Each structure stands twice: as structure tokens, then as C-alpha cells.
Amino acid sequence: MSAVATRSSRVPTLGSNVDKRVAVHGVRRVVVLSDLQIPFEDADALAQAEAVARRVKPDLIVLAGDVIDCYAESEFVKDPVLALRSIPETHERVRALMKRLSFAPLRVWLGGNHEDRWRKVLWSNTSVAKQLVQQHQAVAGVPLNMNDPVGSFRALYGVYEHGWAYYPYGHRLYLAEGSLVITHGKYVSRHSGYSARRTWEWLGRSCIVGHTHRLGTYLITQDGVPVGAWENGCLCQLEPEYDDAPNWQQGFSIVRIDGSTFHVVQVPIVRRDGKPVAVYRGGV
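Predicted, not measured: the structure shown is a model, and the values here were computed from it.

So, how was this worked out
Residues numbered from 1 in each chain as written. Predicted model: local features only at pLDDT ≥ 70, side-chain atom pairs only at ≥ 80, totals over all residues. Heavy atoms only, no water. Helix = DSSP H or I, 4+ residues; strand = E, 2+ residues; numbered from the N terminus. Expected span 1.5 Å × (residues − 1). Buried < 20%, exposed > 50% of the residue type's maximum accessible area, 1.4 Å probe, protein only. Contact = heavy atoms within 4.5 Å. Polar contact = N/O pair within 3.5 Å; in protein donor to acceptor, adjacent residues only side chain to side chain. Axes fitted to C-alpha atoms, helices over the stretch in contact; angles between N-to-C directions. Parallel < 35°, antiparallel > 145°, perpendicular 65-115°, else oblique. Left-handed = near helix turned anticlockwise from the far one by under 90°. Nonpolar A, V, L, I, M, F, W, Y, C, P; charged D, E, K, R; others polar. Salt bridge = Lys/Arg side-chain N within 4 Å of Asp/Glu carboxyl O. pLDDT = per-residue confidence, 0-100. Core = buried A, V, L, I, M, F, W, Y, C linked by side-chain atoms within 4.5 Å. Disulfide = S-S within 2.5 Å.

Visitor: Before we go on, may I ask you to explain helix α1 (residues 43-56) in this structure?
Guide: Since the α-helix advances by 3.6 residues per turn, residues separated by three or four positions end up pointing in the same direction. Here α1 is 14 residues long and its end C-alpha atoms lie 20 Å apart, about the 20 Å a rise of 1.5 Å per residue gives. Within α1 the residues assigned to the buried category are A45, L46, Q48, A49, E50, V52, A53 and V56. The inward-facing, buried residues of α1 contact β3 (29-33), α2 (80-100), β12 (251-258), β13 (261-272) and β14 (275-278). You can read the cap of α1 off the contacts: a side-chain oxygen lies 3.2 Å from the backbone nitrogen of D44, and it is on D42. The first or second residue beyond α1 is K57, which carries a positive phi of 55°.

The following block contains the structure:
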């Protein structure tokens with residue numbers, strides 16, 4: 001595999017684009033958050049997830065993609081005023097998030113298809129792309145290399161400065177001696193759990209995926225050994241401008257590891273009296 005992270009290595013090195021597998025060893029408690037889509041995150045739901053994460057005291061926190069929306073970089077028709085405003089808001093909020101989650105010794109950010117919008121903008125090499133780069137540079141205060149999507153993304157948000165490792169979209173994190181994979185995912189099936197199953201069939205092993213904004217589980221026992229796949233839910237707002245009633249569920253996952261064995265606990269976030277509550281050991 002392309003890289004190895006241990007307790008003494010806070011920032012795993014980036015592997016090649018050919019080998020997109022990254023291994024992390026020596027961790028027993030992991031919290032997986034995904035699909036925040038900053039600056040369209042649900043601040044209250046995110047606060048619930050962070051509160052549970054602090055209680056768990058994880059060795060590793062994984063941001064499993066679509067942490068930021070990259071609204072300004074989207075190729076879809078968008079509100080130009082909101083797009084311009086989203087740039088400084090995204091910078092401020094993502095840096096604040098990385099700082100708040102610094103209680104975990106190891107911290108890994110796996111890019112999703114939304115983070116990959118940055119690469120697509122740079123590779124388009126258009127006047128719009130150059131204007132966006134200038135706007136980001138003005139906010140971040142750092143020079144950006146348009147020929148290096150990954151390096152420029154890390155510099156843009158100060159990823160290394162905050163002690164995080166960042167791996168672009170498509171990379172997969174291997175835990176529990178390789179028996180569990182975390183990745184953002186690429187499938188979106190109609191029903192909850194089906195996308196997890198498709199990912200399991202693709203990878204041939206247990207996995208946790210984001211991307212669908214749903215909570216779902218697919219379980220199977222192979223030769224007496226239970227395996228499975230999980231969809232990680234989301235922490236973004238549930239009423240986006242482009243869909244008035246999406247089939248989404250908020251939540252995240254906790255993984256407990258012992259050697260090659262592991263146990264995944266999904267933590268749904270539900271509404272009680274109109275406020276989000278993480279359902280974990282009776283709530284927070």
C-alpha cells in the first residue's frame with residue numbers, strides 16, 4: 001500500500017496516484033464523518049457529532065469526503081453572489097473544523113467528488129478558473145500552483161498546518177489489518193444500503209462509504225465470518241437549494257478495532273423538539 005500511518009506519524013505521506021491505498025496501523029477507536037459540504041453544513045448536527053467524538057476519544061478521525069461543497073467551483077448553474085461569498089466562509093469554517101477536531105492523535109481527510117471540483121477547475125485552465133484561483137489566494141494568503149491540484153488544495157486550506165493528512169478523491173483508507181476500507185464512494189443506488197453493497201462487491205471487503213448522504217447497512221456472513229458495508233450518512237443541511245425533499249439521513253460512524261476484527265456503530269442524528277440529537281448511548 002502507498003502509505004502507512006502510525007501513532008508517531010501524525011501526517012501520513014501521500015501515495016502515488018497509481019496506488020490509491022493508504023494503510024493506518026495501531027488504532028483502536030475511529031470516528032468517521034462525511035458529507036458536511038461546508039459552508040452548507042448543519043452546524044447543530046455537526047456539534048452533536050463532535051460531542052460524541054470527544055466522548056469516544058478516538059485514536060483517528062477520518063473526514064471521508066465532501067467535507068467542503070466547492071460551491072464556487074461547481075459547473076452547475078449557481079447563485080453568483082452566494083458563490084463569491086462561499087469562498088471566505090469555506091476557508092474560515094474548514095480551518096475552524098480542523099482545529100476543533102485536533103484532539104484526535106491521527107487525522108485523515110479523504111477527498112470526495114466535491115473536493116475534486118478543485119482539480120477540475122484547475123485543469124479547465126479557463127479565465128473563470130484563473131479568477132477563482134485569484135479569489136482563493138486573496139483569502140488564503142498563499143501562492144497556488146495551478147499545475148498541482150493536490151498540493152494547491154492542501155496549501156489552500158492549511159491542511160498540513162493543522163496536522164491533517166489529505167488524500168484526493170478515489171483514495172481508500174485501510175484499517176484493521178486491511179479488513180476494513182474507508183472511502184468516499186462513487187455509487188448512488190435508489191435505496192439505502194444498496195450503494196454500500198455495490199461498494200462491497202467492488203472492493204471485495206468490508207467498507208464504510210459516504211457520498212449518498214444516507215445511513216445504510218449491508219451485512220453478510222462468509223464462511224462463518226461476518227462482514228459488511230455501511231453508508232455513513234451526512235452532516236449537511238437537509239434542504240439544499242436544488243432539492244426540496246432529498247432522501248438523506250444525518251449521522252456518522254464509530255469503529256472499534258482489535259487486530260483484524262472490528263465493530264461499526266452507526267450514530268443517527270434525529271430531531272427531538274426540532275433540534276438534532278445524536279442517538280448514542282441514550283443521546284448527548
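Visitor: What is the right way to look at the packing of α2 against helix α4 (residues 127-140) in this model?
Guide: Two measures define how a pair of helices packs: the angle their axes make with one another and the distance between the axes. Two numbers describe how α2 lies on α4: the axes approach to 10 Å, and their chain directions differ by 40°. Looking at the two axes, α2 sits oblique to α4. Our pair here, α2 against α4, has a crossing hand that is right-handed. Of the residues in α4, those in contact with L84, I87, P88, H91 and R95 of α2 are L132, Q135, H136, V139 and A140. Residues of the contact of α2 with α4, tallied by class, amount to 6 nonpolar, 3 polar and 1 charged.

Visitor: Would you explain the pattern of salt bridges in this entry?
Guide: Two side chains of opposite charge can pair, provided their charged atoms sit close to one another. Inspection of every chain in the model, using the stated rule, returns 11 salt bridges. Taking the shortest distance from any N to any O, the salt bridge between R117 and D69 comes out at 3.6 Å. Placement of the pair is R117 in helix α3 (residues 116-124) and D69 in the loop between β4 (60-63) and α2, with a sequence separation of 48 residues. Its relative accessible area of 14% is what places R117 among the buried residues. Classification of D69 by relative accessible area gives buried; the value is 6%. One network of salt bridges, in which partners are shared, links E41, R85, E89 and R93.

Visitor: Looking at this structure, how should I read the confidence of the model for the chain?
Guide: Note: predicted coordinates in regions of low pLDDT should not be interpreted at a detailed level. Model confidence for the chain is summarised by a mean pLDDT of 91, while 93% of its residues fall at 70 or above. Predicted confidence for residues 2-17 stays below pLDDT 50, and this span has 45 contacts to residues more than four positions away or in other chains.

Visitor: What exactly am I supposed to notice about the nonpolar core here?
Guide: Most often, soluble globular proteins keep nonpolar side chains buried together rather than apart. Among the nonpolar cores identified, the biggest contains 40 residues, and L33, I68, W109 and F252 are the most heavily contacted of them. By residue number, the principal contributor to this core is α1, which donates 6 residues. Dropping the residues within four chain positions of it, L33 is found in contact with A49, V62, L63, A64, L101, N232, L235 and F252. Within the second largest apolar cluster, 23 residues are counted, among which are L60, V108, A165 and I182.

Visitor: How should helix α5 (residues 149-157) be read in this particular structure?
Guide: With 8 of 9 residues buried, α5 is to be regarded as a mostly interior element. Considered for burial, the residues of α5 that qualify are P149, V150, G151, S152, F153, R154, L156 and Y157. Packing partners of the buried residues in α5 comprise α2, β5 (106-110), α3, α4 and β6 (165-167).

Visitor: Just to check I follow, could you spell out the state of the cysteines for this structure?
Guide: Put plainly, a disulfide is one covalent bond tying together the sulfur atoms of two cysteines. Under the defined criterion, the tally for this structure stands at 0 disulfides. Take C234: it sits in no disulfide, and the sulfur closest to it among the cysteines is that of C236, at 3.8 Å.

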